[in-house]
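Architecture at a glance
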Amino acid sequence: MKLVRKDLEKDNAGQVTLIPEEPEDMWHTYNLLQVGDSLRASTIRKVQTESATGSVGSNRIRTTLTLCVEAIDFDSQACQLRVKGTNIQENEYVKMGAYHTIELEPNRQFTLAKKQWDSVVLERIEQACDPAWSADVAGMTLTRAKVEVNIPRKRKGNCSQHDRALERFYEQVVQAIQRHINFEVVKCVLVASPGFVREQFCDYMFQQAVKTDNKLLLENRSKFLQVHSSSGHKYALKEALCDPAVTSRLSDTKAAGEVKALDDFYKMLQHEPDRAFYGLKHVEKANEAMAIDTLLISDELFRHQDVATRARYVKLVDSVRENMGTVRIFSSLHVSGEQLGQLTGVAAILRFPVAELSDQEDESSSEED
């Protein structure tokens with residue numbers, strides 16, 4: 001993401017002009033947008049024209065509109081972002097108050113204005129515009145390519161059909177890797193599978209790379225890391241990321257940090273449940289006791305349409321940081337974020353046990369009864 005301009009007042013009102021450069025930048029933009037914001041961007045509008053003879057026609061023209069945001073739609077697989085709202089700045093083609101939908105696109109700048117830019121959105125801009133952070137393990141789990149090939153079983157005395165199908169499958173995977181992976185940005189490529197498929201695939205890939213003098217693959221051979229997984233499906237990704245060989249290789253990346261934090265939380269919940277809390281009310285009470293060592297929170301919570309509810313989550317994040325706690329904001333599009341979402345989206349590892357909180361909850365509920 002490229003920051004073109006940032007104009008903020010002392011009360012944190014103001015506007016920011018950005019240019020999304022990568023598909024993941026559309027995800028960042030989605031997380032910056034809120035209902036009630038003002039968005040200015042170039043867009044296509046269908047307009048009616050009348051000729052000198054009175055005949056009416058229509059043309060598609062490109063114009064710049066400023067919308068008051070009413071609805072936001074993000075397609076995570078296509079990385080497409082559509083923003084619907086009413087026009088708040090009249091131009092020659094569109095009247096004030098008219099509805100329009102802007103489709104934000106990579107490499108096309110937009111200006112976003114807010115009445116208040118809070119710490120969470122400002123941090124996201126800082127991270128999105130930092131090249132070192134963008135070279136991290138992606139905060140999104142996207143299916144870039146799905147390769148499916150029917151592979152016949154081996155037959156006694158005749159394995160040729162099986163071998164040809166397997167080779168065809170390997171070749172399609174190699175093509176997908178070259179098409180979808182930017183090795184200038186990617187630090188590590190995990191090749192995960194049950195059995196010995198990953199070893200056989202990597203052997204095939206690099207043998208072919210030597211034969212064809214494929215410098216792209218040969219120069220990046222050290223980035224490939226083989227790891228066991230129970231299947232080739234998306235849900236097995238967390239299992240692969242928890243492998244010790246992977247965690248040591250990715251120790252300095254955001255995704256690995258999230259996986260470890262979630263793993264630490266589950267271990268704490270199992271062995272010292274008074275030091276592992278989840279659910280907003282419990283976590284807030286732990287924060288009041290200044291007990292939070294690590295806060296785990298899903299970015300999905302900051303997209304809450306209710307301003308007061310969103311402000312509550314932002315206040316929690318700011319407070320934990322003020323109390324010298326660590327805050328990990330999980331991407332809801334990453335497997336670890338999906339898992340955190342099953343725990344209400346907010347959890348905390350505590351510095352010390354706070355057993356009386358659960359007791360207080362029980363007492364207050366019995367009094368209400």
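Everything here concerns the structure above.
A brief look at the structure comes next. Quick caveat: nothing in here was measured; it's all calculated off a predicted structure. (Residues numbered from 1 in each chain as written. Predicted model: local features only at pLDDT ≥ 70, side-chain atom pairs only at ≥ 80, totals over all residues. Heavy atoms only, no water.)

**Observations concerning helix H5 (residues 197–212)**
With 16 residues, H5 ought to run about 22 Å at 1.5 Å a step, and its terminal C-alpha atoms sit 22 Å apart, in line with that. On its buried face, H5 sits against helix H4 (160–180), strand S8 (189–193), helix H6 (215–219) and strand S9 (224–228). In the stretch just after H5, aspartate 213 is the one whose phi turns positive, near 55°. (Helix = DSSP H or I, 4+ residues; strand = E, 2+ residues; numbered from the N terminus. Expected span 1.5 Å × (residues − 1). Contact = heavy atoms within 4.5 Å.)

**Some points on the sheet that holds strand S11 (residues 292–298)**
Reading across from one edge, S10-S13-S11-S12 is the order of the four strands in this open sheet, with mixed pairing throughout. Since the sheet does not close on itself, it has two edges, and those belong to strand S10 (276–278) and strand S12 (326–330), each with one partner. Taking the axes of each pair of neighbouring strands and ignoring which way they run, one obtains an average angle of 15° across the sheet. Two strands pair when backbone bridges link them, and S10 and strand S13 (residues 346–350) are joined in this way by three bridges, in the antiparallel orientation. Note on S13: the bridge partner recorded for phenylalanine 277 is alanine 348. (Pairing = 2+ DSSP bridges. Axes fitted to C-alpha atoms, helices over the stretch in contact; angles between N-to-C directions.)

**Here we look at the environment of leucine 262**
Within the secondary structure, leucine 262 is located in helix H9 (residues 254–271). In this structure, the C-alpha to C-alpha distance between leucine 262 and isoleucine 349, residues 87 residues apart in sequence, is 9.4 Å. What leucine 262 contacts, discounting residues up to four positions off in sequence, is Lys238, Leu296, Phe330, Ser336, Gln339 and Leu340.

**Some remarks on the side chain of histidine 334**
By the secondary structure assignment, histidine 334 is in the loop between S12 and helix H12 (335–341). Reaching out from histidine 334, the side chain makes a polar contact with the side chain of serine 336 at a distance of 3.0 Å. (Polar contact = N/O pair within 3.5 Å; in protein donor to acceptor, adjacent residues only side chain to side chain.)

**Let's talk about the packing of aromatic side chains**
Counted according to the given criterion, the structure contains ten aromatic pairs. Centroid distance tyrosine 30 to phenylalanine 74: 5.1 Å. Interplanar angle 15°. Geometry classified as stacked. Highlighted residues: tyrosine 30 in helix H1 (residues 23–32) and phenylalanine 74 in strand S4 (residues 56–75), separated in sequence by 44 residues. Side by side, tyrosine 30 and phenylalanine 74 carry an identical accessibility label, which is buried. One residue, lysine 114, lies across the ring of tryptophan 117, its end atom 5.4 Å from the ring centre. Positioned above the aromatic ring of phenylalanine 206 is the side chain of arginine 221, whose terminal nitrogen or guanidinium carbon lies 4.4 Å from the ring centre. (Phe/Tyr/Trp six-rings, centres within 6.5 Å; stacked < 30°, edge-to-face > 60°. Buried < 20%, exposed > 50% of the residue type's maximum accessible area, 1.4 Å probe, protein only. Lys NZ or Arg CZ within 6 Å of the ring centre and 35° of its normal.)

**Some details on the sheet that holds strand S1 (residues 2–8)**
Sheet architecture is open: seven strands sit in the order S1-S2-S7-S3-S4-S5-S6, paired in antiparallel fashion. At either margin of the open sheet sits one strand with a lone partner, and together these are S1 and strand S6 (99–104). Within this sheet the neighbouring strands show an average axis-to-axis angle of 35°, counted without direction. Those strands touched by H1 are strand S2 (14–19), S4, strand S5 (80–87), S6 and strand S7 (110–114), and its axis lies near 70° from that of S4.

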